[in-house]
Amino acid sequence: MSQPALTVTAPGQAAGRRRRLLEIAGAAAIAATYIFLVLTQPVDIANGPASFSALVALGGFLLGAVLLIVAVLPVLPTSTVVLIPVALVLNVVLGQLMGSTGLPFYLDAIGTVLIAVLAGPAAGAATGALSSIVWSFFNPTVLPFAAGAALIGFLAGMAARGGLFRRFYFAPIAGFVTGILAGVVSAPIAAFVFGGTSGLGTGAIVSAFRAMGDTLLAAITKQALISDPMDKAIVFTIAALLAYALPRRTTFQFPFVRRYRVLAGKAPAAPEA
Amino acid sequence: MKPRLHPFTALTAAASAAVVTTAAAYWPLSVAMALAAVFLAVRRGVAGRVLPAAAVILTPLCLSLLVLHGLFFPEGQTVLARWGPARVTAEGLGFALELGTRTTACVLVFLLFSFAVSVPDLVSALAGRGIPPQFGFVLASTLTLLPAVAVRLDRIRQAQETRGMVVRRGLLSRLGALRLQMVPLVLALIDDAGSRAQALDARGFGSPGPRTSYREVADPPGQRRFRTAALLFATAAVAGRIVASWPAGVPS
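Residues numbered from 1 in each chain as written. Chains lettered and ligands numbered in written order. Predicted model: local features only at pLDDT ≥ 70, side-chain atom pairs only at ≥ 80, totals over all residues. Heavy atoms only, no water.

Visitor: What exactly am I supposed to notice about the overall build of chain A here?
Guide: Counting secondary structure elements, chain A contains 12 helices and zero strands. The linear arrangement of helices and strands in chain A, starting from the amino end, is α-α-α-α-α-α-α-α-α-α-α-α. Here chain A holds 273 residues, and the buried ones make up 55% of them. Long-range contacts, defined here as pairs at least 24 residues apart, represent 72% of the contacts in chain A between residues at least 6 apart. Of the roughly 11,200 Å² of accessible surface on chain A, a fraction of 69% belongs to carbon and sulfur atoms. (Helix = DSSP H or I, 4+ residues; strand = E, 2+ residues; numbered from the N terminus. Buried < 20%, exposed > 50% of the residue type's maximum accessible area, 1.4 Å probe, protein only. Contact = heavy atoms within 4.5 Å. Areas by Shrake-Rupley, 256 points an atom, 1.4 Å probe, with all protein chains shown as cover.)

Here is the structure:
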């Protein structure tokens, strides 16, 4: 125990505090941007596209997502970091399959939710934000939704910590609640940056609310409240079923799963390594 | 050989172009920006990949915008046509044109960047600037994993078909087939990740401290000056937009 490199507790604690501050700053940036956008939404979009709101939404949400990544990524264990690309690939492959069907669902967060269940809320938030950034290499329109994706990963991790993934019938309920929050946060992006939604199915629902005379933000928020909770309920259920299908030897190698007893059942009697 | 662009120079140029287009909110500028991106893509020889990718993203988006704002725009005054609840208004069409061209320009500019950039250069440039090495790993690993997963999914499908998987018309049959393919894929990917983690840890991936890079990316001073200028220009555009349209209800 004479090696100083193994006992660096004091700088480690200081770095931990700095990371905690970065996490809080990231979350605060996302929350403040949302409140600002809702309070100052353009009353009359007929005057032209909401360029100011678009810049505020892009800047604030991206800043928040980047702060979260910088805070969380360096402290994740390697076993979690190597899972993030797997989650991104699952998000992209399943999301693109779904986007081509024209249904008003996205199903582009299955990988994020799976990682959140296995590795916790911090890993889930980082995976969600990173997923948007890396996916934007093929589809730049997902980049502005990084903050919403981070929120989904974080909430899925919190649900897993609370034991909602122990029984398959609790998972859709957790997904439904997550979808409400994520949809509300993502609506200003869809409204001000894209002026609508990127899919034809979701666009039809927004059109229906617009025909009733709603403002654009209200119509998109209502569409999000229809699509997102259902979408996330399906996503959480698929992620839960995938987690159950994995062998326990695989799932119980994650400290988060062991510590909070995320999945029902006892740990396999593993030989002490 | 042509001098290569430093990845950050390309990224700064793409981001500044997108920010300026968004801040200007002037559709002729958006169209010009989109055409410039297409021209550069043709010159770099990546147009064959950029344009199909952009078409897949932009076609549903622009159609959705056209239907949404072209037919239903309650704020519109100048009614051009009317069918029942749907009203075609000049304002709605203009709004769809503004947003459609703006999104098209931004998507083309970023796709040009991502298809023209050399990923190894980008990763080593990121690592050289104090970005956590995990970020570079995630980026490079995902980009190499995507084609591998497509191959793997095909192999799993073939294996399951040999075992008697037949996809019939019904929804249940389709879901069952999806499950037969998804579960082995996820399992194999997570198992692979576990062994990759051990290999990376054995090579000191998770340990703190400086890294040695074997790949040097040249960063000529001219490109550095260009980046500063582009960032200043983008900042000025954002500042101009904020001054021009600061919402009336907010104390400044």
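Visitor: Please clarify how the interface of chain B and chain A should be interpreted in this entry.
Guide: A common way to state how big an interface is: give the accessible area lost once the parts meet. The interface is formed by 62 residues belonging to chain B together with 61 residues belonging to chain A. Counting the surface lost from both chain B and chain A, the interface buries some 5,400 Å², and carbon and sulfur atoms represent 81% of this. Among the residues chain B hides against chain A, the three largest losses belong to B:Leu68, B:Glu75 and B:Ile190. Together they make up 11% of the total. Our enumeration of links across chain B and chain A arrives at zero salt bridges. There are four residue pairs in polar contact (both at pLDDT 80 or more) connecting chain B and chain A. Looking at the side of chain B that touches chain A, the elements with two or more residues in it are helix H1 (7-24), helix H3 (47-71), helix H4 (90-116), helix H6 (133-162), helix H7 (171-202) and helix H8 (221-244) of chain B. Among the elements that take part in the side of chain B that touches chain A, H7(B) stands out by supplying 13 residues, more than any other. In terms of residue class, the side of chain B that touches chain A is built from 45 nonpolar, 10 polar and seven charged. (Buried area = accessible area lost by both parts, 1.4 Å probe. Salt bridge = Lys/Arg side-chain N within 4 Å of Asp/Glu carboxyl O. Polar contact = N/O pair within 3.5 Å; in protein donor to acceptor, adjacent residues only side chain to side chain. Nonpolar A, V, L, I, M, F, W, Y, C, P; charged D, E, K, R; others polar.)

Visitor: Is there a simple way to explain the packing of aromatic side chains in this structure?
Guide: Think of a pair of aromatic rings as described by two things: how far the centres are apart, and how the planes are tilted against each other in angle. Residue and element names in this part refer to chain A. For the structure on display, the rule yields eight aromatic pairs over all chains. Ring centres 5.1 Å apart and planes at 65 degrees place the aromatic pair Tyr 169 and Phe 170 in the edge-to-face group. On the accessibility criterion, Tyr 169 (46% relative accessible area) is partly exposed. Ring centres 5.3 Å apart and planes at 50 degrees place the aromatic pair Phe 256 and Tyr 260 in the tilted group. Placement of the pair is Phe 256 and Tyr 260 together in helix H12 (residues 255-260), with a separation of four residues, close to one helical turn. A relative accessible area of 23% places Tyr 260 in the partly exposed class. Taken together, the ring pairs connect Phe 168, Tyr 169 and Phe 170 into an aromatic cluster. (Phe/Tyr/Trp six-rings, centres within 6.5 Å; stacked < 30°, edge-to-face > 60°.)

Visitor: Please clarify how unusual backbone geometry should be interpreted in this entry.
Guide: Glycine aside, residues mostly have negative phi, and peptide bonds are mostly found in the trans state. Phi at A:Arg261 is positive, roughly 50 degrees, even though this residue is not glycine. By the element assignment, A:Arg261 lies in the segment after H12. Relative accessible area serves as the criterion here: at 44%, A:Arg261 is assigned to the partly exposed category. Of note in this structure, B:Ala25 is not a glycine but carries a positive phi near 50 degrees. When you line up the elements, B:Ala25 lands in the loop between H1 and helix H2 (27-44).

Visitor: Just to check I follow, could you spell out the pattern of salt bridges for this structure?
Guide: Think of it this way: side chains of opposite charge can pair up when their charged atoms draw near. Residues and elements named next belong to chain B. This structure, assessed with the given rule, holds nine salt bridges over all chains. Between Asp 154 and Arg 157 there is a salt bridge whose closest N-O contact spans 2.7 Å. Pair noted here: Asp 154 and Arg 157 are both in helix H6, with a separation of three residues, about one helical turn. Of the residues examined, Arg 157 reaches a relative accessible area of 29% and is grouped as partly exposed.

Visitor: Mind showing me how you'd approach the packing of helix H8 (residues 171-193) of chain A against helix H10 (residues 216-245) of chain A here?
Guide: The relative placement of two packed helices is expressed as an angle between their axes plus a distance between the axes. All names here are of chain A. In the contact formed by H8 and H10, the axes pass within 6 Å of each other and the chain directions differ by 145 degrees. Read as a crossing pair, H8 and H10 show a hand that is right-handed. For the contact of H8 with H10, the class distribution of residues is 22 nonpolar, six polar and two charged. (Axes fitted to C-alpha atoms, helices over the stretch in contact; angles between N-to-C directions. Left-handed = near helix turned anticlockwise from the far one by under 90°.)

Visitor: Looking at this structure, I do not really get the packing of H1(B) against H8(B). What am I missing?
Guide: Residue and element names in this part refer to chain B. For the pair H1 and H8, interaxial distance at closest approach is 9 Å and the crossing angle is 20 degrees. If you check the angle between H1 and H8, you find them roughly parallel. Considering only the axes of H1 and H8, their crossing is left-handed. Across the interface between the two elements, Phe 8, Thr 9, Thr 12, Ala 13, Ser 16, Val 19, Val 20, Ala 23 and Ala 24 of H1 pack against Gln 223, Phe 226, Arg 227, Ala 230, Leu 231, Phe 233, Ala 234, Ala 237, Val 238 and Arg 241 of H8. Among the residues making up the contact of H1 with H8, the classes are represented as 13 nonpolar, four polar and two charged. (Parallel < 35°, antiparallel > 145°, perpendicular 65-115°, else oblique.)

Visitor: How do you make sense of the environment of B:Thr59 when you look at a structure like this?
Guide: All names here are of chain B. Structurally, Thr 59 can be placed in helix H3. C-alpha of Thr 59 to C-alpha of Thr 104: the two residues are 45 residues apart in sequence and 9.8 Å apart in space. For Thr 59, the side chain forms a polar contact with the main-chain oxygen of Ala 55, separated by 2.5 Å.

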